[in-house]
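# Analysis of the macromolecular model
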Amino acid sequence: LAKTTQPISMDSYEGQEVNITCSHNNIATNDYITWYQQFPSQGPRFIIQGYKTKVTNEVASLFIPADRKSSTLSLPRVSLSDTAVYYCLVGDEGDYKLSFGAGTTVTVRA
Amino acid sequence: SAVISQKPSRDICQRGTSLTIQCQVDSQVTMMFWYRQQPGQSLTLIATANQGSEATYESGFVIDKFPISRPNLTFSTLTVSNMSPEDSSIYLCSAEGAGLLGYGYTFGSGTRLTVV
């Protein structure tokens with residue numbers, strides 16, 4: 001499993017866009033990038049997954065450059081309820097075991 | 001994605017005793033997993049619960065301490081045995097999703113265990 005590096009924490013205000021960049025320099029050809037969100041006192045929740053370029057769903061967008069050595073999770077117009085820890089994971093379909101790094105604690109303020 | 005019910009949600013236990021945590025999934029899944037999350041820390045995989053065979057444990061975790069059952073494709077239990085204060089943590093179960101690694105994996109809300 002490729003190692004990932006994320007900022008420990010980020011602060012933002014309501015209505016702003018939050019971008020969290022994850023570095024995965026050793027990503028392999030078959031690896032996908034997956035992001036999870038964890039609220040206090042809850043288990044992690046799948047947000048988005050991608051392989052290259054851009055993926056968008058109702059929650060977030062995931063931007064992956066051509067070299068795939070990093071990825072950026074973008075949360076549009078955050079609200080207080082987006083305060084959570086965000087985890088970036090990298091692995092291929094053979095890696096059924098999830099390996100969580102330290103994650104990024106995002107704090108949204110009014 | 002599957003929905004997971006995990007219980008108890010929290011418990012306070014005496015050292016030396018054991019606690020069994022139950023995890024129920026609302027649909028059949030091939031793979032279920034148990035994690036530990038210490039306060040303020042990330043998740044650490046304890047083991048993969050295999051239906052019809054023994055669980056597969058990660059380095060640092062042993063069956064005698066964390067026996068796991070998986071009697072069918074929708075249910076699993078994790079027992080924390082002979083507890084000590086160091087076992088105080090949040091224990092979470094997870095079920096695989098329908099796609100590639102991590103896609104749609106579902107987690108229970110966790111069991112917050114305090115050992116006194």
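I will try to describe carefully the structure that is included in this document. Bear in mind the structure is a predicted one, so any value in this text is a computation, not a measurement. (Residues numbered from 1 in each chain as written. Chains lettered and ligands numbered in written order. Predicted model: local features only at pLDDT ≥ 70, side-chain atom pairs only at ≥ 80, totals over all residues. Heavy atoms only, no water.)

### Regarding the overall build of chain B
- If you tally the helices and strands in chain B, you get zero helices and eleven strands.
- Its helices and strands in sequence order give chain B the pattern β-β-β-β-β-β-β-β-β-β-β, from N to C terminus.
- Radius of gyration (C-alpha) of chain B: 13 Å, near the 13 Å computed for a compact globule of 116 residues.
- Principal-axis analysis of the C-alpha atoms gives chain B an extent of 40 × 30 × 25 Å.
- Counting only residues that meet the buried cut, chain B has 49% of its 116 residues in that class.
- The long-range share in chain B, meaning contacts at least 24 apart out of those at least 6 apart in sequence, stands at 54%. (Helix = DSSP H or I, 4+ residues; strand = E, 2+ residues; numbered from the N terminus. Rg over C-alpha atoms; globule rule 2.2 N^0.38 Å. Buried < 20%, exposed > 50% of the residue type's maximum accessible area, 1.4 Å probe, protein only. Contact = heavy atoms within 4.5 Å.)

### Thoughts on the nonpolar core
- Core analysis: the biggest nonpolar cluster contains 26 residues, and Trp34, Ile46, Phe66, Ile68, Leu78, Tyr91 and Leu113 of chain B have the highest contact counts within it.
- Among the secondary structure elements, those contributing two or more residues to this core are β3 (19-25), β4 (32-37), β5 (43-49), β8 (75-80), β9 (89-95) and β11 (111-115) of chain B.
- Looking at this core element by element, the count peaks at four residues for β3 of chain B.
- Contacts of Phe66 of chain B, omitting those with residues within four sequence positions, involve Arg36, Ile46, Tyr57, Phe61, Leu78, Thr79, Val80, Asp87 and Tyr91 of chain B.
- Core analysis: the second largest hydrophobic core is formed by 20 residues, Ile27, Ala60, Val78 and Tyr86 of chain A among them. (Core = buried A, V, L, I, M, F, W, Y, C linked by side-chain atoms within 4.5 Å.)

### Considering the environment of Thr30 of chain B
All names here are of chain B.
- Here Thr30 lies in the loop between β3 and β4.
- Here Thr30 falls in the exposed class, since its relative accessible area comes to 55%.
- Between the alpha carbons of Thr30 and Gly97 there is a distance of 9.5 Å; along the sequence they are 67 residues apart.

### A closer look at the sheet that holds β3 of chain B
All names here are of chain B.
- If you trace the four strands from one edge of the open sheet to the other, you get β1-β3-β8-β7, paired in antiparallel fashion. Strand pairing shows two members of the sheet lacking a second neighbour, β1 (4-7) and β7 (68-72), which therefore form its edges. Within the sheet, the average angular offset between the axes of one strand and its neighbour, ignoring direction, is 15°.
- Sheet topology places β1 next to β3; four bridges connect them, and they run antiparallel. When the sheet's bridge partners are listed, Ile4 is paired in β3 with Val25. (Pairing = 2+ DSSP bridges. Axes fitted to C-alpha atoms, helices over the stretch in contact; angles between N-to-C directions.)

### Overview of the pairing of strand β7 (residues 70-75) of chain A
All names here are of chain A.
- Most of β7 sits inside the fold, with five of its six residues counted as buried.
- Pairing analysis gives six bridges linking strand β2 (residues 18-23) to β7, with the strands arranged antiparallel. When the bridges of β7 are listed, Ile20 appears paired with Leu73.
- Sheet topology places strand β6 (residues 61-64) next to β7; three bridges connect them, and they run antiparallel. Counted as the bridge partner of Phe63 is Thr72 from β7.

### Brief notes about unusual backbone geometry
- Residues Lys7 of chain B and Pro8 of chain B are joined by a peptide bond in cis, for which omega reads 0°.
- One non-glycine residue, Arg68 of chain A, lies in the positive phi region at around 60°.
- Mapped onto the secondary structure, Arg68 of chain A falls in the loop between β6 and β7.
- A positive phi angle, near 45°, is found at Asn82 of chain B, a position not held by glycine.

### Observations concerning the packing of aromatic side chains
- Considering all chains together, one arrives at eleven aromatic pairs over all chains under this definition.
- Sitting above the plane of the Tyr51 of chain A ring, Arg68 of chain A keeps its charged end 4.0 Å from the centroid. (Phe/Tyr/Trp six-rings, centres within 6.5 Å; stacked < 30°, edge-to-face > 60°. Lys NZ or Arg CZ within 6 Å of the ring centre and 35° of its normal.)

### Focus on the side chain of Arg68 of chain A
- Put simply, Arg68 of chain A is tucked away with no salt bridge, and the nearest opposite charge, on Asp31 of chain A, sits 5.8 Å away.
- Leaving out residues up to four positions away in the same chain, Arg68 of chain A has contacts with His24, Ile27, Ala28, Thr29, Asp31, Tyr51 and Lys52 of chain A. (Lys, Arg positive; Asp, Glu negative; His and termini not counted. Salt bridge = Lys/Arg side-chain N within 4 Å of Asp/Glu carboxyl O.)

Coordinates in, geometry out; function isn't part of it.
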